[in-house]
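Here is how the chains run, residue by residue.
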Amino acid sequence: MGLGVEWAVQWLTLSARLMSEHREELIALDRAIGDSDHGENMDRGFQAVMEKLAQTPPETPGAALKLAAMALMSKVGGAAGPLYGTAYLRAATALGEDADIDAAALAGALTAARDGIVARGKAELGDKTMVDAWSPAVEAADEALVAGGDAVAVLAAAAEAAEVGAVTTDPLVARKGRASYLGERSAGHRDPGAVSSALLLRAAATAAGF
Ligand code: ADP
Ligand code: MG
Ligand code: MG
């Protein structure tokens, strides 16, 4: 037994709650190296996801993530909107129409999401972006899979690695996005998109019962 549409809906619901709870924290992080809007963007985007979920309840995990992708693309704006939109859309495509998502499918979806972010934003590991949360998350998920972990173990590993990855952005100099305009002055601050990514992956693990 893998994860079904109830998990996907719960993931998005917990994501919306976390974006609302961490709104001020994300705004403060973006104030230091950006334009102070990341918390507002993410909160608004996930409120739109919740509205769409209520209007048209999805029947598969893939459909839930596709719905989220569309809402995020149209409502988040800025750099993060198209990046997260692409991530969720690629994950949705990877999951296809399957009703039941096993550990391997989940690891594949996380890889597809990360690859979508990289394809869209062209950031490399160490550029102080959300990729610094997603790439270690994907690696940890693959390791958990190879070690025989189930879907919950894969998500738990991804969430923990993303949190560590977000912390590793602290000393980095930004080379992509708005923060890169600050050059060396971007060092000493945590990347807001890496933090929101870690929160979203934590929501995925919590929704699976971790
Ligand atoms: P904006 O910078 O347009 O105001 P947000 O504040 O919503 O957009 O999002 C900023 C976050 O987007 C950054 O913290 C970073 O994680 C992410 N980001 C920006 N540019 C890129 C990129 N090229 N590749 C990956 N992530 C990026
Ligand atoms: Mg911003
Ligand atoms: Mg902005």
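The structure displayed is predicted, hence computed values, not measured ones.

Draft legend 1. Summary view of the packing of helix α2 (residues 23-33) against helix α3 (residues 38-55). The interhelical angle for the contact between α2 and α3, taken along N-to-C directions, is 140°, at an axis separation of 6 Å. Taken as axis vectors, α2 and α3 run oblique relative to one another. Contact residues: α2 offers Arg23, Glu24, Glu25, Leu26, Ile27, Leu29 and Asp30, while α3 offers His38, Gly39, Glu40, Met42 and Asp43.

Draft legend 2. How the structure looks around the nonpolar core. Ranked by size, the top nonpolar core spans 74 residues in total, and within it Tyr88, Leu106, Ala137, Ala141, Val154 and Ala158 carry the most contacts. In contact with alanine 141, other than residues within four places in its own chain, are Ala107, Leu110, Val154, Ala157 and Ala158.

Draft legend 3. Spotlight on the UniProt feature "domain: DhaL" (unreviewed entry) in the protein chain. The feature "domain: DhaL" (unreviewed entry), as annotated in UniProt, sits at residues 6-206 in this numbering. Secondary structure within residues 6-206 divides into 71% helix and 0% strand; the distance between the first and last C-alpha atoms comes to 13 Å.

Draft legend 4. A look at the site of ligand 1. What surrounds ligand 1 is a group of 24 residues, the closest being Gly78, Gly121, Thr129, Gly177 and Gly193. At the level of secondary structure, the elements contributing two or more residues to the shell around ligand 1 comprise α3, α5 (80-95), α6 (103-121) and α9 (192-207). For the shell around ligand 1, the element with the highest residue contribution is α9, accounting for 3 residues. Here the shell around ligand 1 is composed, by residue class, of 9 nonpolar, 8 polar and 7 charged.

Draft legend 5. View of unusual backbone geometry. We note that lysine 122 has phi near 60°; this positive angle belongs to a residue other than glycine. Considering the arrangement of structural elements, one finds lysine 122 in the loop between α6 and α7 (131-146). If you check the backbone angles, lysine 128 has positive phi at about 65° while not being a glycine. Along the chain, lysine 128 falls in the loop between α6 and α7.

Draft legend 6. Fine view of α3. The terminal C-alpha atoms of α3 lie 26 Å apart, and with 18 residues this matches the ideal 26 Å at 1.5 Å per residue to within 8%. Every buried residue belonging to α3 is among His38, Gly39, Asn41, Met42, Asp43, Gly45, Phe46 and Val49, and all of these are buried.

Draft legend 7. Main features of α5. For α5, spanning 16 residues, the distance from its first C-alpha to its last is 22 Å, which sits close to the expected 22 Å at 1.5 Å a residue. Of all the 16 residues making up α5, 13 are buried; the element is thus mostly covered by neighbouring parts of the structure. Following α5 by one or two positions, glycine 96 adopts a phi angle in the positive range, close to 60°.

Draft legend 8. The arrangement of the packing of α6 against α7 in detail. Viewed as axis vectors pointing N to C, α6 and α7 meet at an angle of 160°, and their least axial separation amounts to 9 Å. Relative to α7, the element α6 is oriented roughly antiparallel. With respect to the hand of their crossing, α6 and α7 are arranged in left-handed fashion. Contacts between α6 and α7 involve Ala103, Ala104, Ala107, Leu110, Thr111, Ala113, Arg114, Ile117 and Val118 from the first element and Val131, Trp134, Ser135, Ala137, Val138, Ala141, Asp142 and Leu145 from the second. The class makeup of the residues in the contact of α6 with α7 is 13 nonpolar, 2 polar and 2 charged.

Draft legend 9. Spotlight on the environment of alanine 198. Note that alanine 198 resides in helix α9. According to the C-beta neighbour criterion, alanine 198 is buried, with 28 such atoms within 10 Å. Here the alpha-carbon distance between alanine 198 and alanine 137, two residues 61 residues apart in the chain, equals 8.7 Å.

Draft legend 10. Summary view of the confidence of the model for the protein chain. Averaged over all residues, the pLDDT of the protein chain equals 98, while 100% of them reach at least 70. Reported confidence for the predicted complex is 0.99 by ipTM and 0.98 by pTM.

How each quantity is defined
Residues numbered from 1 in each chain as written. Chains lettered and ligands numbered in written order. Predicted model: local features only at pLDDT ≥ 70, side-chain atom pairs only at ≥ 80, totals over all residues. Axes fitted to C-alpha atoms, helices over the stretch in contact; angles between N-to-C directions. Helix = DSSP H or I, 4+ residues; strand = E, 2+ residues; numbered from the N terminus. Parallel < 35°, antiparallel > 145°, perpendicular 65-115°, else oblique. Contact = placed C-beta atoms within 7 Å. Core = buried A, V, L, I, M, F, W, Y, C linked by C-beta atoms within 7 Å. Buried ≥ 20, exposed ≤ 12 C-beta atoms within 10 Å, placed from the backbone. UniProt positions renumbered as here; feature names shortened; annotations may be inferred. Near = placed C-beta within 6 Å. Nonpolar A, V, L, I, M, F, W, Y, C, P; charged D, E, K, R; others polar. Expected span 1.5 Å × (residues − 1). Left-handed = near helix turned anticlockwise from the far one by under 90°. pLDDT = per-residue confidence, 0-100.

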